[in-house]
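Below, each chain spelled out in residue letters.
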Amino acid sequence: MLSLMPKSSLNLCWLIFVSSIGVTAEVFADTSAASINSQSIQVRHIQILAASCAACHGSNGNSVGGTPVLAGLDQARFVARMLEFRAAASSFGGDDAPCQRSDRAGN
Amino acid sequence: MNKRRDFIKLGVASVALATLPACAAYSAQTYSSAKAPYRVVVIGGGYAGTAAAKYLRMWSNGGIEVMVIEPRPRFVSCPLSNLVLGGSQRIGDLTFAYDILKAQHGIQWVEDAVSAINPAARKVQLTHGDLHYDKLIIAPGIDFIYDKLPMLQSAEAQQKIPHAWKAGEQTVNLRKQLEAMPDGGVFVISIPPAPYRCPPGPYERVCQVASYLKNNKPAAKIIVLDANPEITSKKALFTKAWAELYSGMIDYRPNSEVVNVDINTRTVYTEFDSVKADVLNVIPPQRAGKPAQMAGVVNFDNRWCEVDFLTYASTVHADIHVIGDSISSGLPKSAHMATSQAKVCANAILAMLNNEAPDPNPVFANTCYSFVNDNMAMHVANVYRYDATKKLMLPADGGGVSDQPSEQEGKDAQYWARNIWSDVLT
């Protein structure tokens, strides 16, 4: 089963672990993110990281097709999915690729 | 039709413009640009420039004035443009108006070309007047170097021997030449020494041309003259795809830099050899775009711009930032990369204008898909992290490439394109 899944598929979602998932989830949960004026360094850091997910998930997580909408996503679900991605990654020896398509196993 | 969707309507004679759903989360607002304390001028409306302009407005809640200077009336995507050569995509599918971006974010837009930049006076001179800036972002993409191939410099020469490395008319020209090529003809492509725009792009192009020829002119041949010692990106995957999908069709020659071209006979010369083509595609060597040269910020190898990776400020002039393909970085010159850099730059400029420190530890993603035929693609994806000791963006563990091309990834690549287009154009 596992061997049928493309190794190192879409592997970016989980790298969010380098920072705090909770804060990232908040950035997506509240897309009206306040003005840059007086952002903490931590928020800036997450803002930049989360913004680079836009190529696949759309601006502020508002996907226009093919990938899940992250904007407004329930934080518990966000965190749970990230943990699943990480678990899937480590089952390949740690260098694999979450944001893994769940329907790929059979491809 | 979904109510969220706003469609661009432009009656342009020859080009059917593609349409994008407008971003739902960020609805139009009224901005008081007149009162804005700062003006950031952005040179270039490609992936880097549009992303920088949008995120500057969005993250400042419209608090600063942003002005984009772009001579071309429309955005044409380089990503997916090789598919025009293969025939599964038309250039109109990749061509977009800037209207939604401008209107949704209150971005000032000047359709003009830059003729000079005066860093001391913080002024950009245009064909029609000049502009003052507090911060300047230069995002001009690439410029071609014709020092070694001066015969290719003229517009007429490029008509006959297209580079097709800036998407648009050149892409369509090359496609037409392929359509007109006789079966049994020879397509020759020359790949410049790295670094150049889109590392896997030339090899994807070979796949696309091969896919078209296999279905339409099966006796045709492809000769790849690569100035590099080996395939520079996704090597194993391309080698396999060529062998499996286009067996016997592709003659790959590494270490083959083109030193001369006879335009009339479409003959290319390498140091030891010459090859006559029916259709010839020379991708010239590249450097930072002209506005970067005008600003005097090209300070690496006479070709690229050195920047501080926390802010993308030029190491020559602190108030001039450079993003996208023009910088010297060791990072792949890709569209996603350009937008990632644009966002770090926009975020840092807003911090600096507010007398605060920028993120000292930026992390961002880059993805790049390549199509091996009309519906199967493969990717390379990495996360990059700032290394404070080396002062560089370095790839984090966990990146990688596909095991093999697939139809699912072909779909993913199209989804990626929709999302990045909506990110930079709406």
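Keep in mind that this is a model prediction, so the values were computed, not measured.

It is worth spelling out the pairing of strand β15 (residues 267-270) of chain B at this point. Residue and element names in this part refer to chain B. For strand β14 (residues 258-262) and β15, the ladder comprises 4 bridges, and the chain directions are antiparallel. Across the sheet, V261 pairs through a bridge with V268, a residue of β15. Bridge count for β15 against strand β16 (residues 274-276) is 3 bridges, and the pairing is antiparallel. If you follow T267 over to β16, its bridge partner there is K276.

Before going further, it helps to examine the environment of B:D134. Residue and element names in this part refer to chain B. Within the fold, D134 resides in the loop between β8 (129-132) and β9 (135-138). Residue contacts for D134: discarding those within four places in its chain leaves P37, Y38, R39, R122 and D319. Of the polar contacts made by the side chain of D134, one reaches the backbone nitrogen of R39; its length is 2.7 Å.

Turning our eyes to something else, we now look at the side chain of B:N173. All names here are of chain B. Position of N173 relative to the elements: it lies in helix α5 (residues 169-180). Judged by its relative accessible area of 12%, N173 falls in the buried class. Only 2.8 Å separates the side chain of N173 from the backbone oxygen of Q159, close enough to count as a polar contact. Ignoring sequence-local partners within four residues, the contact set of N173 consists of Q158, Q159 and P162.

What follows is about the pattern of salt bridges. Residue and element names in this part refer to chain B. Evaluated as defined, the whole model comprises 17 salt bridges over all chains. Across the pair E179 and R175 runs a salt bridge, and its minimum N-O distance is 2.8 Å. Residue E179 and its partner R175 are located together in helix α5, separated by 4 residues, close to a single helical turn. Overall, the relative accessible area of 16% leaves R175 in the buried class. Among the charged side chains, a salt-bridge network with shared partners connects K54, K343 and D423.

Here we take up the packing of helix α1 (residues 47-59) of chain B against helix α9 (residues 335-353) of chain B. All names here are of chain B. Two elements in contact, α1 and α9, have axes separated by 8 Å at closest approach and are oriented at 35°. As α1 packs across α9, the resulting crossing turns out to be right-handed. In this structure, α1 uses Y47, A48, A51, A52, Y55, L56 and W59 to contact α9, whose residues at the interface are A335, A338, T339, A342, K343, A346, N347, I349 and L350. Taken together, the residues of the contact of α1 with α9 sort by class into 13 nonpolar, 2 polar and 1 charged.

Looking now at unusual backbone geometry. It is generally the case that most residues other than glycine have a negative phi and that most peptide bonds are trans. Cis rather than trans, the peptide bond between B:A194 and B:P195 has omega equal to 0°. Here B:P195 is to be found in the loop between β11 (186-191) and α6 (201-216). The backbone of A:N60 sits at a positive phi, close to 55°, despite the residue not being glycine. Looking at where A:N60 falls in the secondary structure, it is placed in the loop between α3 (54-57) and α4 (75-90). Of note, B:D301 is a non-glycine position whose phi angle comes to about 60°, a positive value.

What follows covers the confidence of the model for chain B. Residue and element names in this part refer to chain B. Summary statistics for chain B give a mean pLDDT of 92 and a share of 92% for residues scoring 70 or more. Long-range and interchain partners of residues 1-16, a stretch whose pLDDT sits below 50, account for 24 contacts in this model, where long-range means more than four residues apart. Overall, residues 22-33 carries pLDDT values under 50, and its contacts beyond four positions in sequence, including any with other chains, amount to 27 contacts. Taken over the whole predicted complex, pTM reads 0.89, whereas the ipTM for its chain interfaces reads 0.85.

It is worth spelling out the nonpolar core at this point. Residue and element names in this part refer to chain B. Ranked by internal contacts, the top residues of the largest apolar core, which has 82 residues, are V124, I138, Y312 and W421. If one sorts the elements of this core by residue count, α9 sits on top with 10 residues. Apart from residues lying up to four places away in sequence, V124 is in contact with V41, I43, I69, V114, A116, I117, G129, D130, L131, Y133 and L136. The next biggest cluster of nonpolar side chains, apart from the first, holds 53 residues, and it includes Y146, L174, A210 and A241.

Residue and element names in this part refer to chain B. With 6 of 6 residues buried, β11 lies mostly within the body of the structure. Two strands pair when backbone bridges link them, and β11 and strand β12 (residues 221-226) are joined in this way by 6 bridges, in the parallel orientation. Bridge pairing in β12 links F187 to I222. Remark: the β11/α6/β12 crossover connection has right-handed handedness. Inspection of the sheet shows β11 paired to strand β17 (residues 279-282) by 4 bridges, in the parallel sense. Pairing of I189 across the sheet is with N281, part of β17.

All names here are of chain B. Orientation of α9 relative to helix α10 (residues 407-425), taken along the N-to-C sense of each, is 35°, at an axis distance of 11 Å. The interaxial crossing formed by α9 with α10 has left-handed handedness. Here α9 contributes A335, H336, T339 and K343 to the contact with α10, which in turn contributes W416, I420, D423 and V424. Considered class by class, the residues forming the contact of α9 with α10 number 4 nonpolar, 2 polar and 2 charged.

So, how was this worked out
- Residues numbered from 1 in each chain as written.
- Chains lettered and ligands numbered in written order.
- Predicted model: local features only at pLDDT ≥ 70, side-chain atom pairs only at ≥ 80, totals over all residues.
- Heavy atoms only, no water.
- Pairing = 2+ DSSP bridges.
- Helix = DSSP H or I, 4+ residues; strand = E, 2+ residues; numbered from the N terminus.
- Contact = heavy atoms within 4.5 Å.
- Polar contact = N/O pair within 3.5 Å; in protein donor to acceptor, adjacent residues only side chain to side chain.
- Buried < 20%, exposed > 50% of the residue type's maximum accessible area, 1.4 Å probe, protein only.
- Salt bridge = Lys/Arg side-chain N within 4 Å of Asp/Glu carboxyl O.
- Axes fitted to C-alpha atoms, helices over the stretch in contact; angles between N-to-C directions.
- Left-handed = near helix turned anticlockwise from the far one by under 90°.
- Nonpolar A, V, L, I, M, F, W, Y, C, P; charged D, E, K, R; others polar.
- pLDDT = per-residue confidence, 0-100.
- Core = buried A, V, L, I, M, F, W, Y, C linked by side-chain atoms within 4.5 Å.
- Right-handed = clockwise from strand over helix to strand, strands pointing away.

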